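Geometric and topological summary
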Amino acid sequence: KMERAHYNMAIAYQCTAKFRKAIGQFKRMIPLLKKRAVYSEMHIIYNNIGGCYLSLDQYEEARIWFDKSLDAHSRFDPTSPVGVLLMNIGMVSIKLHQFVEAVQFLERARDEFVSTQGMSSEYLEPILNHLNFAKDMIKVVAEGGDTTQALETLHFKPMHSGITGD
């Protein structure tokens, strides 16, 4: 299938840090999926596009795509796991200095992974690290401090979502 080829190429680009090329491949999938009415996979594509923009430090654009992903998830595939997306939204919220919102999304991601995979989830450690960081930043802001230096040293590796099946 054509969208599978685009998806595989996009993931290859994403894994080799060719994020703009990955974005192009993911975006080529959108009309193909819509044409076939395969809406249940849209949130996965949108999440991966957002992850590419997050890797490119284009935080506002990343947030737009993550929001599209969350909307598509709730509309077309509400029973599938959404922890990776919630974690990505938490990470971009930190970069956008939206620390309270980051805590909310990261706590939801943590809760989902603990309930579905237990404490052994590979995602749990980065979620907890980002969650603690966001909480620390809330304290810094409350005390009138500057978060700029701390944010400059923080680097994220966005998580991509996978499409299963053929």
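The notes below deal with the structure included here. Only a predicted model underlies this, so the values are computations on that prediction, with no experimental measurement involved.

**A short note on the pattern of salt bridges**
All told, the structure shown has five salt bridges when counted by the stated rule. Salt-bridge contacts for Asp71 lead to Arg75; the nearest nitrogen and oxygen are separated by 3.1 Å. Of this pair, Asp71 and Arg75 are both found in helix H4 (residues 59-76), four residues apart, which corresponds to roughly one turn of the helix. Residue classification places Asp71 among the partly exposed positions, given a relative accessible area of 38%. For Arg75, a relative accessible area of 54% puts it in the exposed group. Several salt bridges converge on common partners, so that one network encompasses Arg63, Asp67 and Glu101.

**Details of the side chain of Gln25**
With respect to the secondary-structure elements, Gln25 resides in helix H2 (residues 19-35). A relative accessible area of 9% means that Gln25 is categorised as buried. A polar contact of 2.7 Å, which involves the side chain of Gln25, links it to the side chain of His6.

**With respect to the packing of aromatic side chains**
In this structure the tally under the stated criterion is four aromatic pairs. Ring geometry for Tyr39 against Phe76: centres 5.0 Å apart, planes inclined by 25°, an arrangement best described as stacked. Placement of Tyr39 in the loop between H2 and helix H3 (42-55) and of Phe76 in helix H4 is noted, with a sequence separation of 37 residues between them. For the cation-ring pair, Lys68 lies above Tyr46, with the distance from its terminal atom to the ring centre recorded as 6.0 Å. The ring centre of Trp65 lies 4.0 Å from the NZ or CZ of Lys68, which sits over that ring.

**Points about helix H1 (residues 2-15)**
Between its terminal C-alpha atoms H1 stretches 20 Å, which fits the 20 Å expected from 14 residues at 1.5 Å a residue. Buried within H1 we find Glu3, His6, Tyr7, Ala10, Ile11 and Gln14. All buried residues of H1 project into a common sector of 130° when viewed along the axis, lining one side. Counted as exposed and oriented over 90 degrees from the buried face of H1: Met2 and Cys15. Buried residues along H1 sit in contact with H2 and H3. One or two positions beyond H1, positive phi appears at Ala17, with a value near 60°.

**Focus on the nonpolar core**
In terms of nonpolar packing, the biggest core is built from 47 residues, with Phe26, Ile45, Ile49 and Ile94 touching the most fellow members. Breaking this core down by element, the ones donating at least two residues are H1, H2, H3, H4, helix H5 (83-95), helix H6 (99-117) and helix H7 (124-142). The leading source of residues in this core is H5, at eight residues.

**Re the state of the cysteines**
Taken as a whole and judged by the stated rule, the model has zero disulfides. There is no disulfide at Cys15, and the cysteine sulfur nearest it, in Cys52, is 9.5 Å away. Residue classification places Cys52 among the buried positions, given a relative accessible area of 0%.

**Observations concerning the packing of H5 against H7**
Where H5 meets H7, the closest approach of the two axes is 10 Å, and the angle between their N-to-C directions is 30°. Crossing geometry of H5 relative to H7 is assigned as left-handed. In contact with Met87, Met91 and Ile94 of H5, H7 contributes Ile127, His130, Phe133 and Ala134. Considering only residue class, the contact of H5 with H7 consists of six nonpolar, one polar and no charged.

The rules behind each value
Residues numbered from 1 in each chain as written. Predicted model: local features only at pLDDT ≥ 70, side-chain atom pairs only at ≥ 80, totals over all residues. Heavy atoms only, no water. Salt bridge = Lys/Arg side-chain N within 4 Å of Asp/Glu carboxyl O. Helix = DSSP H or I, 4+ residues; strand = E, 2+ residues; numbered from the N terminus. Buried < 20%, exposed > 50% of the residue type's maximum accessible area, 1.4 Å probe, protein only. Polar contact = N/O pair within 3.5 Å; in protein donor to acceptor, adjacent residues only side chain to side chain. Phe/Tyr/Trp six-rings, centres within 6.5 Å; stacked < 30°, edge-to-face > 60°. Lys NZ or Arg CZ within 6 Å of the ring centre and 35° of its normal. Expected span 1.5 Å × (residues − 1). Arc of directions from axis to C-beta. Contact = heavy atoms within 4.5 Å. Core = buried A, V, L, I, M, F, W, Y, C linked by side-chain atoms within 4.5 Å. Disulfide = S-S within 2.5 Å. Axes fitted to C-alpha atoms, helices over the stretch in contact; angles between N-to-C directions. Left-handed = near helix turned anticlockwise from the far one by under 90°. Nonpolar A, V, L, I, M, F, W, Y, C, P; charged D, E, K, R; others polar.

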